[in-house]
Amino acid sequence: MTKIAPQPGIMEIDLYQGGAAHVAGLDNVVKLSSNENPLGPSPAAIEAYRRASYDLHRYPSSDHRALRGAIAEVLGLDADRIICGAGSDEVIAFLCQAYAGPGNEVVHTEHGFAMYRISALAAGATPVEVRERERVTDVDAILAACTDATRLVFIANPNNPTGTMIGLAEIERLAEGLPPQALLVLDGAYAEYVEGYDGGAEMVDRRDNVVMTRTFSKLYGLGGLRIGWGYGPAHVIDVLNRVRGPFNLSQAALAAAEAAIRDRAYTDHCRVENARWRTWLADALAEIGVPSDVSCANFVLARFANQAEAEACDDYLKTQGLIVRRVAGYNLPQCLRITVGDESACRRVVHAVRQFKGAR
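Looking up the protein in an unreviewed UniProt entry gives the name Histidinol-phosphate aminotransferase, with the organism given as Sulfitobacter indolifex HEL-45. According to the UniProt record, the Subunit (unreviewed entry) comment for the protein is "Homodimer."

This is the structure in structure tokens:
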């Protein structure tokens, strides 16, 4: 019998299930399961990626100086306190690797992003799930769950898959109330969809216990390149850079991301289009008996009467070439998460759900 075994916690991790992309037997399929930008990346980012293809034999920058400088310039941040990763997922993993381990606890909410639990277990720490209040982060519940063993508290704001968010005053109250050994991590993967919201950056500048993570996978349309970043106190970024691999991002990804964040007109256009069709989609679904909370992201969380109806609707949508996301794994079995697509996709979804509801 083999004695070779992984570290404790590893076998408690369920393999991550990404959004489906294909339906057998159908060609005209619309993928609305992964919260991708239907408008794609900035043309400037595409051109930067194309130009980078001529230097594929060269190692990329190990300090990501150009991209960090661009992020800092556009958003008014300190470039020295930015770290880049292969998606914000990698920054989340760095945080767990560096600050949590056996005997420590990592707090997240019941409908929070799956990678919080996964990264905590991979580090040997204990994930602690905290209830939400009607699919909204509950600061009091999080504070009540914190103990002397708490090392990290993750909240996504806006949250995935609920689309809800809490205000900066509540986040400040949470940061102020944490035990002294704990870091608050504000996952801002969808922050760019909220007009005027800095994702908590100003709070990071004022406090030594708050870190913000961001991604180029959503509004910027670069999910295929896997690039994200984090912003935190100097003492945290110093620690994270000690566990980061020196060449964790490709030169092509770095170039495309730099061009993307500098193209502010394009990102503004994407934000406006998303808001327009998000409102239309949510209102149209509500009119046919499928409510959702006000979403601050690029998806709506459609609520059905029960799990059976949600799954039956998902099955019907697939027959119509529409792929959405079941979220039972996020403790929301009666819901379907639907990415806000372009006009055609939104209209197709509403038409198909109306047909489904009318046939029942």
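What follows is about the overall build of the protein. From N to C terminus, the protein includes twelve helices and twelve strands. Relative to the 2.2 N^0.38 estimate, which gives 21 Å for 360 residues, the radius of gyration of the protein is 20 Å and therefore close to what a compact globule would have. Dimensions of the protein, computed from C-alpha atoms along their principal axes, come out at roughly 60 × 55 × 50 Å. The buried share of the protein, taken over its 360 residues, is 54%. Residue pairs at least 24 apart in sequence account for 74% of intrachain contacts in the protein once pairs closer than 6 positions are excluded. In the form shown here, the protein has an accessible surface area of approximately 15900 Å², with 52% of it arising from carbon and sulfur atoms. Considering the protein, the positive charge centre built from 36 side chains and the negative charge centre built from 44 side chains are found 3 Å apart.

Where two aromatic rings form a pair, the distance of their centres and the angle of their planes describe that pair. What the rule picks out here adds up to eight aromatic pairs. Plain terms: the ring middles of tyrosine 190 and phenylalanine 299 are 5.3 Å apart, the flat faces sit at 80° to each other, and that makes the pair edge-to-face. One end of the pair, tyrosine 190, is in the loop between strand 6 (183-187) and helix 7 (201-206); the other, phenylalanine 299, is in strand 9 (residues 299-303), with 109 residues separating them in the sequence. In this structure, tyrosine 190 and phenylalanine 299 share a single accessibility class: buried.

Attention now goes to the side chain of arginine 81. Residue placement: arginine 81 occurs in the loop between helix 2 (65-75) and strand 2 (82-85). Owing to a relative accessible area of 14%, arginine 81 belongs among the buried residues under this scheme. Discounting chain neighbours no more than four positions away, the residues touching arginine 81 are Val204, Asp205, Gly230, Tyr231, Gly232, Pro233, Ala234 and Ile237.

The next thing to look at is the UniProt feature "modified residue: N6-(pyridoxal phosphate)lysine" (unreviewed entry) in the protein. When the UniProt feature table is mapped onto this chain numbering, "modified residue: N6-(pyridoxal phosphate)lysine" (unreviewed entry) sits at Lys218. Residue position: lysine 218 is located in the loop between strand 7 (210-215) and strand 8 (228-231). On the basis of relative accessible area, lysine 218 is assigned to the buried category, the value being 15%. Excluding residues that lie within four positions of it along the chain, lysine 218 makes contacts with Ser34, Asn35, Asn37, Ala189, Tyr190 and Tyr193.

What follows deals with the environment of tyrosine 54. Among the structural elements, tyrosine 54 can be located in the loop between helix 1 (43-52) and helix 2. In this structure tyrosine 54 comes out as exposed when scored by relative accessible area, which is 59%. Remark: the alpha-carbon pair of tyrosine 54 and alanine 328, spanning 274 residues in sequence, is separated by 44 Å.

Here the focus is the sheet that holds strand 11 (residues 325-326). Strand order in the open sheet made by the three strands is 9-12-11, with antiparallel pairing throughout. The two strands at the open ends of the sheet, each matched to only one other strand, are strand 9 and strand 11. The pairing of strand 11 with strand 12 (residues 335-339) spans two bridges and is classified as antiparallel. Residue arginine 326 lies in a different strand from strand 12, and its bridge partner there is leucine 336. Strands in contact with helix 11 (residues 307-319) are strand 11 and strand 12; relative to strand 12, the strand with the most contacts, it is inclined by about 40°.

Structurally, asparagine 157 is set in the loop between strand 5 (150-156) and helix 6 (168-177). Since its relative accessible area comes to 1%, asparagine 157 is described here as buried. Side-chain polar atoms of asparagine 157 contact the backbone nitrogen of isoleucine 166, separated by 2.8 Å. Beyond its immediate sequence surroundings of up to four residues, asparagine 157 is in contact with Thr164, Met165, Ile166, Ile171, Asp187, Gly188 and Tyr197.

Structurally, glycine 167 is set in the loop between strand 5 and helix 6. Judged by relative accessible area, which is 41%, glycine 167 ranks as partly exposed. Through-space distance from the C-alpha of glycine 167 to that of glycine 200 is 9.9 Å; in sequence the pair is 33 residues apart.

Formed by 49 residues in total, the largest nonpolar core has its most connected members in Leu184, Phe216 and Trp229. Here the element with the most residues in this core is helix 9 (residues 251-262); it accounts for six residues. If we ignore the near neighbours within four places in the chain, the residues touching tryptophan 229 are Ile71, Leu75, Leu77, Ile82, Ile83, Cys84, Gly85, Val91, Met212, Thr213, Arg214 and Phe216. Residues Ala100, Ala120, Ala125 and Val185 belong to the second largest nonpolar core, which totals 28 residues.

Turning next to the UniProt feature "domain: Aminotransferase class I/classII large" (unreviewed entry) in the protein. UniProt marks residues 28-352 with the feature "domain: Aminotransferase class I/classII large" (unreviewed entry), using the numbering shown here. Each end of residues 28-352 is marked by a C-alpha atom, and these two atoms are 14 Å apart; helix forms 42% of the span and strand 16%.

A separate point is the pattern of salt bridges. The tally for this structure, following the rule as stated, stands at 31 salt bridges. Across the salt bridge formed by aspartate 78 and arginine 81, the nearest N and O atoms sit 3.3 Å from each other. Overall, aspartate 78 belongs to the partly exposed group, its relative accessible area being 31%. With a closest N to O distance of 3.1 Å, arginine 207 and glutamate 172 form a salt bridge. Of this pair, arginine 207 sits in the loop between helix 7 and strand 7 while glutamate 172 sits in helix 6, placing them 35 residues apart in sequence.

Reading the values: the criteria
Residues numbered from 1 in each chain as written. Predicted model: local features only at pLDDT ≥ 70, side-chain atom pairs only at ≥ 80, totals over all residues. Heavy atoms only, no water. UniProt positions renumbered as here; feature names shortened; annotations may be inferred. Helix = DSSP H or I, 4+ residues; strand = E, 2+ residues; numbered from the N terminus. Rg over C-alpha atoms; globule rule 2.2 N^0.38 Å. Buried < 20%, exposed > 50% of the residue type's maximum accessible area, 1.4 Å probe, protein only. Contact = heavy atoms within 4.5 Å. Areas by Shrake-Rupley, 256 points an atom, 1.4 Å probe, with all protein chains shown as cover. Lys, Arg positive; Asp, Glu negative; His and termini not counted. Charge placed at Lys NZ, Arg CZ, Asp CG, Glu CD. Phe/Tyr/Trp six-rings, centres within 6.5 Å; stacked < 30°, edge-to-face > 60°. Pairing = 2+ DSSP bridges. Axes fitted to C-alpha atoms, helices over the stretch in contact; angles between N-to-C directions. Polar contact = N/O pair within 3.5 Å; in protein donor to acceptor, adjacent residues only side chain to side chain. Core = buried A, V, L, I, M, F, W, Y, C linked by side-chain atoms within 4.5 Å. Salt bridge = Lys/Arg side-chain N within 4 Å of Asp/Glu carboxyl O.

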